[in-house]
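The primary structure of each chain is shown beneath.
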Amino acid sequence: MSKEVVQAIRAATWRTPAEVSSVLAAVDVDSSEILQVLDLLLHKVLAADAERHALRRQAFAALVQRRPADPLFRPFVRALRQAAPDVQRVLAELLPRVANGGDVSDLVDVLRSTDNDLRALASKALSEIAATPTGRSALPLLAQLVNERGFLGLREALDIVVKAGGAHAVPIIERVLLHPEPNDRLIAARLLGDPNVASRAPSPVVRALSNAARDPVEAVAVAAVAGLGNVANEADYLAVAIPLLEGKIDGRSIKIATAALEGLRRFPNERTAQILERKMTSGPNALRFAALSVAEAANSDALLGVVVKALGHPHLAVRNRASEVMSALARSGKVEVGRTIVWLL
């Protein structure tokens, strides 16, 4: 690239993006010359003219896409930390193009930043890099990073692990359940409860969530039980849910018991109907409403009797909710409402 072209990009006198592309079409570049253009993008005085600076960003992106090279990776990461947001976005889009098997630790380290937007940009770039065969070196770095006490980028790091880690994602997330910080454990429980994640290693996920269902922090326990309801088979789920439903229900455990009931929606059968009927009898009303919601969500003849019996419940609020559920089931056309009511009568 000649000095004249660098000056042309500095001046940015083009009138349209198409003119930028036309002028640069025949220009050849090397890494050092691309870095000269990057310096222009970081120039605060030049950035004051927003329209011209947008054309400079376009020129820079076109040049990098034409000649991506590993030596650009670290300078781009350094610039990412200090650049204005519009330049940061361009750099984040280009980083995967210049990370061809090199050391990505500098970019992983950006996830420690206190800047939420910067971490999000780094996460987006790393997700793309880590998903390539040459970018798998990011996973061991992330696995180590997520276990650092007080790590600010935990959510972003785990998102990358989920997107790019395949079956290796599960043990990395599982270890986060051992963190002392409740919010860390909550993030991990919710991720493991995603069927797309759990399907990669079902048994370890079910075991981890079963243990987390006993977490002393209510929110974590609720997330673990809800996750089990999404991913476990019936036997494994009931092994956790039944003790939660049959034990003493107090102020702390009511949300956990409600989550345990709601997970039964995936198993519309006679055993589930019996469990729901017991909760309709024993209460409290929060669990009665949860039981009716399970019957509505399952939309199955097997649980219709629970709703019919609830129509005669002593509490008006329960009868009203049962009426709403019965109407919804009738409209769905998937259950034999009329025949079931006649049979029960």
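Computed from a predicted structure; not experimentally measured. (Residues numbered from 1 in each chain as written. Predicted model: local features only at pLDDT ≥ 70, side-chain atom pairs only at ≥ 80, totals over all residues. Heavy atoms only, no water.)

1. A word on the pattern of salt bridges
Formally: What counts as a salt bridge is simple: a side-chain nitrogen of Lys or Arg found within 4 Å of a carboxyl oxygen of Asp or Glu. Elements are defined by DSSP. Helices are runs of H or I of four residues or more, strands are runs of E of two residues or more, and each kind is numbered from the N terminus.
For the structure shown, the criterion picks out 16 salt bridges. In this structure, glutamate 181 engages arginine 149 in a salt bridge whose closest nitrogen and oxygen atoms are separated by 2.4 Å. Of this pair, glutamate 181 sits in the loop between helix H12 (169-176) and helix H13 (182-192) while arginine 149 is found in the loop between helix H10 (138-145) and helix H11 (154-164), placing the two residues 32 residues apart along the sequence. A salt bridge links lysine 309 to glutamate 277; the nearest nitrogen and oxygen atoms lie 3.4 Å apart.

2. Some thoughts on helix H5 (residues 50-66)
Where we set the bar: Here, expected helix span is obtained from the residue count minus one, scaled by 1.5 Å. Burial here depends on accessible area, computed with a 1.4 Å probe over protein chains only, as a share of the maximum for the residue type. Under 20% is buried, over 50% is exposed, and the range in between is partly exposed. Any two residues having at least one pair of non-hydrogen atoms within 4.5 Å are treated as being in contact.
The end-to-end C-alpha separation of H5 is 25 Å, in line with the 24 Å expected for 17 residues at 1.5 Å each. For H5, the complete set of buried residues consists of His53, Leu55, Arg56, Arg57, Ala59, Phe60, Ala61, Leu63 and Val64. Against the buried residues of H5 lie helix H1 (3-11), helix H2 (17-24), helix H3 (31-41), helix H4 (44-47), helix H6 (73-82) and helix H7 (85-94).

3. With respect to the packing of aromatic side chains
Pairs of aromatic rings are described using the distance from one ring centre to the other and the angle between the two planes. Test applied: Aromatic contacts are taken between Phe, Tyr and Trp rings whose centres are within 6.5 Å, Trp giving its six-membered ring; a plane angle under 30 degrees counts as stacked, one over 60 as edge-to-face, and the others as tilted.
According to the stated counting rule, one finds 2 aromatic pairs in the structure shown. Their ring planes at 35° and their centres at 6.0 Å tell us that tyrosine 237 and phenylalanine 267 sit as a pair that is tilted. Of the two residues, tyrosine 237 is situated in helix H17 (residues 234-246) and phenylalanine 267 in the loop between helix H18 (254-262) and helix H19 (270-282); the sequence distance between them amounts to 30 residues. The buried category is assigned to phenylalanine 267, whose relative accessible area is 9%.

4. Details of the nonpolar core
Heads up, the condition is: Among buried residues, those of type Ala, Val, Leu, Ile, Met, Phe, Trp, Tyr and Cys that are joined through side-chain atoms within 4.5 Å constitute a nonpolar core.
Among the nonpolar cores identified, the biggest contains 125 residues, and Phe60, Phe76 and Leu107 are the most heavily contacted of them. Those residues in contact with phenylalanine 76 that sit more than four places away from it in its chain are Ile34, Leu35, Leu38, Phe60, Val64, Leu91, Leu94, Leu95 and Val98.

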